Amino acid sequence: MKLMKRALEFESRKMINMSTSDRVASSREAKELILALNEVYKETKDPEIMDVMKLLTAKKQKIEKRLKGLPSV
């Protein structure tokens, strides 16, 4: 599957020294991959697809946490 290969390649990328625009683009790409994998998962119910979606979701959350920055008190 081309989609799984693309998702695993995204998951293995390093997220060091990214600019803000790079982070936004990565977050959007992760969302696109997760939604596409979800459509495939609905049809196949393959647990491997669910595992990849969980990995991508965790990576996406880390990127978004970094985008929001530290909360100011």
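Description of the structure in this document. Bear in mind the structure is a predicted one, so any value in this text is a computation, not a measurement.

Comments concerning the overall build of the protein chain
Stage number 1. The helix and strand tally for the protein chain stands at 3 helices and 0 strands.
Stage number 2. Starting at the N terminus and walking to the C terminus, you meet the elements of the protein chain as α-α-α.
Stage number 3. Dimensions along the principal axes, computed over C-alpha positions, put the protein chain at roughly 45 × 25 × 15 Å.
Stage number 4. Per-residue burial for the protein chain yields a buried fraction of 29% across its 73 residues.
Stage number 5. Within the protein chain, residue pairs in contact and separated by at least 24 positions form 64% of the contacts whose partners lie at least 6 positions apart.
Stage number 6. Mean positive and mean negative side-chain charge positions of the protein chain (17 and 11 charges, respectively) differ by 7 Å.

Things to note about the nonpolar core
One broad rule of soluble globular proteins: the nonpolar side chains tend to lie buried together.
Stage number 1. Residues Phe10, Leu37, Ile49, Val52 and Leu56 are the most contacted members of the largest nonpolar core, which totals 14 residues.
Stage number 2. Elements supplying a minimum of two residues to this core: helix H1 (2-12), helix H2 (20-44) and helix H3 (47-68).
Stage number 3. Those residues in contact with Phe10 that lie beyond four places of it in its chain are Met15, Ser26, Glu29, Ala30, Leu33, Leu56, Lys59 and Ile63.

The rules behind each value
Residues numbered from 1 in each chain as written. Predicted model: local features only at pLDDT ≥ 70, side-chain atom pairs only at ≥ 80, totals over all residues. Heavy atoms only, no water. Helix = DSSP H or I, 4+ residues; strand = E, 2+ residues; numbered from the N terminus. Buried < 20%, exposed > 50% of the residue type's maximum accessible area, 1.4 Å probe, protein only. Contact = heavy atoms within 4.5 Å. Lys, Arg positive; Asp, Glu negative; His and termini not counted. Charge placed at Lys NZ, Arg CZ, Asp CG, Glu CD. Core = buried A, V, L, I, M, F, W, Y, C linked by side-chain atoms within 4.5 Å.

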